[in-house]
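# Descriptive structure summary
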Amino acid sequence: MTQHVPAYLLRIAQVTAIALTASVATQIIYVTVGNLGMEPDRQIIWSLEVLAFLAVSITGLALVRVRPLIGAAIATGGILNTIQAGMGLVMFAPLGDGGEALAPVFSAVLAMAFLLYFAGKAAFGIAALAVGATLWKDGNGATRVMGILAALAGLVAVVLNGLAIVLDAQMTYLAGGAGTAATLLLALVLVPATRGIAIKAT
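Only a predicted model underlies this, so the values are computations on that prediction, with no experimental measurement involved. (Residues numbered from 1 in each chain as written. Predicted model: local features only at pLDDT ≥ 70, side-chain atom pairs only at ≥ 80, totals over all residues. Heavy atoms only, no water.)

### Remarks on the overall build of the protein chain
Summing up its helical and strand segments, the protein chain has seven helices and zero strands in all. Going from the N terminus to the C terminus, the protein chain shows its helices and strands as α-α-α-α-α-α-α. Against the 2.2 N^0.38 benchmark of 17 Å for 202 residues, the protein chain shows a C-alpha radius of gyration of 18 Å, consistent with a compact globule. When each of the 202 residues of the protein chain is scored for burial, the buried share is 45%. (Helix = DSSP H or I, 4+ residues; strand = E, 2+ residues; numbered from the N terminus. Rg over C-alpha atoms; globule rule 2.2 N^0.38 Å. Buried < 20%, exposed > 50% of the residue type's maximum accessible area, 1.4 Å probe, protein only.)

### Let's talk about the packing of aromatic side chains
Per the stated rule, a full pass over the model turns up seven aromatic pairs. When the ring of F114 is compared with that of Y117, the centres are 6.5 Å apart and the planes differ by 85°; the resulting orientation is edge-to-face. One end of the pair, F114, and the other, Y117, are both in helix α5 (residues 103-138), three residues apart, so they sit about a helical turn from each other. On the basis of relative accessibility, which here comes to 34%, the residue F114 falls in the partly exposed class. On the basis of relative accessibility, which here comes to 15%, the residue Y117 falls in the buried class. Ring geometry for Y117 against F118: centres 5.7 Å apart, planes inclined by 65°, an arrangement best described as edge-to-face. (Phe/Tyr/Trp six-rings, centres within 6.5 Å; stacked < 30°, edge-to-face > 60°.)

### Side note on the packing of helix α1 (residues 7-35) against helix α2 (residues 42-63)
Their axes nearest at 8 Å, the elements α1 and α2 cross at an angle of 155°. Viewed along their axes, α1 and α2 adopt a mutual orientation that is roughly antiparallel. For the element pair α1 and α2, the recorded crossing hand is left-handed. A per-class count over the contact of α1 with α2 returns 18 nonpolar, six polar and two charged. (Axes fitted to C-alpha atoms, helices over the stretch in contact; angles between N-to-C directions. Parallel < 35°, antiparallel > 145°, perpendicular 65-115°, else oblique. Left-handed = near helix turned anticlockwise from the far one by under 90°. Nonpolar A, V, L, I, M, F, W, Y, C, P; charged D, E, K, R; others polar.)

### Some thoughts on the side chain of Q84
Tracing the backbone shows Q84 in helix α3 (residues 68-90). Classification of Q84 by relative accessible area gives buried; the value is 16%. The residues touching Q84, leaving out its near neighbours within four places in the chain, are A113, L116 and Y117. (Contact = heavy atoms within 4.5 Å.)

### Focus: the confidence of the model for the protein chain
Across the protein chain, the average pLDDT comes to 90, with 94% of residues at or above 70. Taken as a whole, residues 198-202 scores under 50 in pLDDT and shows seven contacts with residues more than four places along the chain or in a different chain. (pLDDT = per-residue confidence, 0-100.)

### Things to note about the pattern of salt bridges
The full count for this structure, using the stated rule, is one salt bridge. R42 is the partner of E39 in a salt bridge, and the nearest nitrogen-oxygen pair spans 2.1 Å. Note on R42: relative accessible area 33%, which makes it partly exposed. (Salt bridge = Lys/Arg side-chain N within 4 Å of Asp/Glu carboxyl O.)

### Considerations on the side chain of K121
Following the sequence through the fold, K121 ends up in helix α5. With no salt bridge to any partner, buried K121 finds its closest opposite charge in E49, at an N-O distance of 7.1 Å. In contact with K121, other than residues within four places in its own chain, are Q27, N81, A157, N161, G176, G179, T180 and T183. (Lys, Arg positive; Asp, Glu negative; His and termini not counted.)

### Some words on a nonpolar patch on the surface
Residues M112, L115, L129, L155, V159, L163, I165, V166 and L167 make up a contiguous nonpolar surface patch of roughly 760 Å² in combined accessible area. When residues of the nonpolar patch are traced back to their parent elements, those giving at least two are α5 and α6 (142-167). Here M112 is to be found in helix α5. (Patch = residues over 30% accessible without salt bridge, like charges linked within 9 Å, V, L, I, M, F, W, Y side chains within 5 Å. Areas by Shrake-Rupley, 256 points an atom, 1.4 Å probe, with all protein chains shown as cover.)

### Re the packing of α3 against α5
Viewed as axis vectors pointing N to C, α3 and α5 meet at an angle of 160°, and their least axial separation amounts to 8 Å. In terms of orientation, α3 and α5 fall into the roughly antiparallel class. In the crossing of α3 with α5, the sense of the turn from one axis to the other is left-handed. Here the residues of the contact of α3 with α5 sort into 19 nonpolar, seven polar and one charged.

Encoded structure:
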């Protein structure tokens, strides 16, 4: 028997995809502005990221009902990134302005923020890998190709961000870039994968 997927779950998948895309856009803007030698508005960008990841967390939990692994991975990534972006939003500036006395605390907070960043990217990578595998099995044509790309990007994101956590290496741009690519592909394939479940249920 094929599991029935209510229409509202499809709408939840759409909201999740929009929120994931928004989180990718904010990261691209942040990095691009910085590379151009300008100072990005961290207050605005990180606030938008917190809101986007909060939406991802909640909608990811709602998707657990129909796709436990995918929903759990999305929700976990959203929660970890909400905390990580929130740390940057409310803790970096006061600790950075605290001088030498707070330098060790600032270093510890910064290290924790990066750990959460890598863990969140790995979680999104797992979700992309799982969704990609679903489309490889159940999809056809373009959706199957997108599923393969998402699965490969997810696998690379999991490996690189896992290495960044374990080795404590200077892999921020490499691991973060892989995670961002996997997140974007996850956003692109999540709705087709969820719609495919609903179609099978009819």
